[in-house]
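# Observations on the three-dimensional arrangement
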Amino acid sequence: MMTETEYLYAWLYYLLGAGLLISCWWYATRRIPWPEVRHLSRLVVGVAIVVPWYTNTQQDYLSPALLISLLELFFEGASAFWRAGAPMLAAVAVAVAFSTLFFVVRWYLHQRKMAPTR
C-alpha cells in the first residue's frame, strides 16, 4: 500500500513524463498541413494520457485511465478494459466535440467576416 506522499510523487513523475510525451507528439505533428487534424490529434493524445480513473474498486486512489485500461486488458481480458476505458473514451469524445464546435464557430465567424457588406 502506498502512502499519500508516495502517491503524490508517483503522480508528479507521471505528469512530468506525460508532459514530455505530449511535447514530443506536438513536435512530431508539426508538419501536418491541416490545422484541424493536427489540433485533434494533439488533443486526443493529451486527453487520453492525462485522464484519471479509480485504480481499484475498493480504493479512492486515482491513476491514469490509459494505464489502468491497458493493464486490465492484458491481464484480465477485453471485458475488463471498459472499467477505465469507457470514461477515458468519453473524455476524449467530449474534448473532440468541444474542439469541433470551436472550429465550426471559428469557420462561421471567418466566413461572416469575409462576406461582402452592403
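Each value, and the rule that gives it
Residues numbered from 1 in each chain as written. Predicted model: local features only at pLDDT ≥ 70, side-chain atom pairs only at ≥ 80, totals over all residues. Heavy atoms only, no water. Helix = DSSP H or I, 4+ residues; strand = E, 2+ residues; numbered from the N terminus. Rg over C-alpha atoms; globule rule 2.2 N^0.38 Å. Contact = heavy atoms within 4.5 Å. Areas by Shrake-Rupley, 256 points an atom, 1.4 Å probe, with all protein chains shown as cover. 1 Å grid on protein atoms, 1.4 Å probe; cavity = no way out; pocket = protein on both sides within 12 Å on 5 of 7 lines; lining within 4 Å. Points joined across faces, edges and corners; volume = space filled by probe spheres on them. Axes fitted to C-alpha atoms, helices over the stretch in contact; angles between N-to-C directions. Parallel < 35°, antiparallel > 145°, perpendicular 65-115°, else oblique. Left-handed = near helix turned anticlockwise from the far one by under 90°. Nonpolar A, V, L, I, M, F, W, Y, C, P; charged D, E, K, R; others polar. Phe/Tyr/Trp six-rings, centres within 6.5 Å; stacked < 30°, edge-to-face > 60°. Buried < 20%, exposed > 50% of the residue type's maximum accessible area, 1.4 Å probe, protein only. Lys NZ or Arg CZ within 6 Å of the ring centre and 35° of its normal. Core = buried A, V, L, I, M, F, W, Y, C linked by side-chain atoms within 4.5 Å.

For the chain, the count of helices and strands is four helices and two strands. Tracing the chain from N to C terminus, the helices and strands come up as α-α-β-β-α-α. In terms of overall size, the chain is more extended than a compact globule, its C-alpha atoms giving a radius of gyration of 19 Å where 118 residues would be expected to give roughly 13 Å. For the chain, long-range pairs separated by at least 24 residues make up 48% of all intrachain contacts whose partners lie at least 6 apart in sequence. About 8,900 Å² of surface is accessible on the chain, with carbon and sulfur atoms providing 71% of the total.

Moving on: the layout of surface pockets. Over the atoms, a rolling probe the size of a water molecule traces out where space has been left empty. Considered as a void within the structure, the largest pocket measures approximately 310 Å³ in volume. If you trace the largest pocket, you find 16 residues lining it, with M2, Y7, T55, L62 and S63 closest to the centre. Of all the secondary-structure elements, those providing two or more residues to the lining of the largest pocket are α1 (4-28), β2 (62-64) and α3 (65-76).

A word on the packing of α1 against helix α2 (residues 35-50). Two elements in contact, α1 and α2, have axes separated by 10 Å at closest approach and are oriented at 165°. Our classification of the angle between α1 and α2 gives roughly antiparallel. Handedness of the α1/α2 crossing: right-handed. Seen from α1, the contacting residues are Y14, A18, L21, I22, W25 and W26; seen from α2, they are S41, R42, V45, G46, I49 and V50. A per-class count over the contact of α1 with α2 returns nine nonpolar, two polar and one charged.

Counted by the stated rule, this structure contains six aromatic pairs. Look at F81 and W82: their rings are 4.9 Å apart centre to centre, the planes differ by 85°, and that puts the pair in the edge-to-face class. Overall, the relative accessible area of 47% leaves W82 in the partly exposed class. With a centroid separation of 5.5 Å and 65° between ring planes, the pair formed by F102 and F103 is classed as edge-to-face. Exposure remark for F103: the relative accessible area of 13% places this residue in the buried category. Across the ring face of Y27, the terminal group of R30 is positioned such that the distance to the ring centre comes to 3.8 Å.

The subject of this paragraph is the nonpolar core. Ranked by size, the top nonpolar core spans nine residues in total: V47, A48, V51, A65, I68, A84, M88, V92 and A95. Contributions of two or more residues to this core are made by α2, α3 and α4 (78-114). Per element, the largest residue contribution to this core is four residues, and it comes from α4. Among all residues touching A84, those that are not within four sequence positions of it are W53, A65, I68 and S69.

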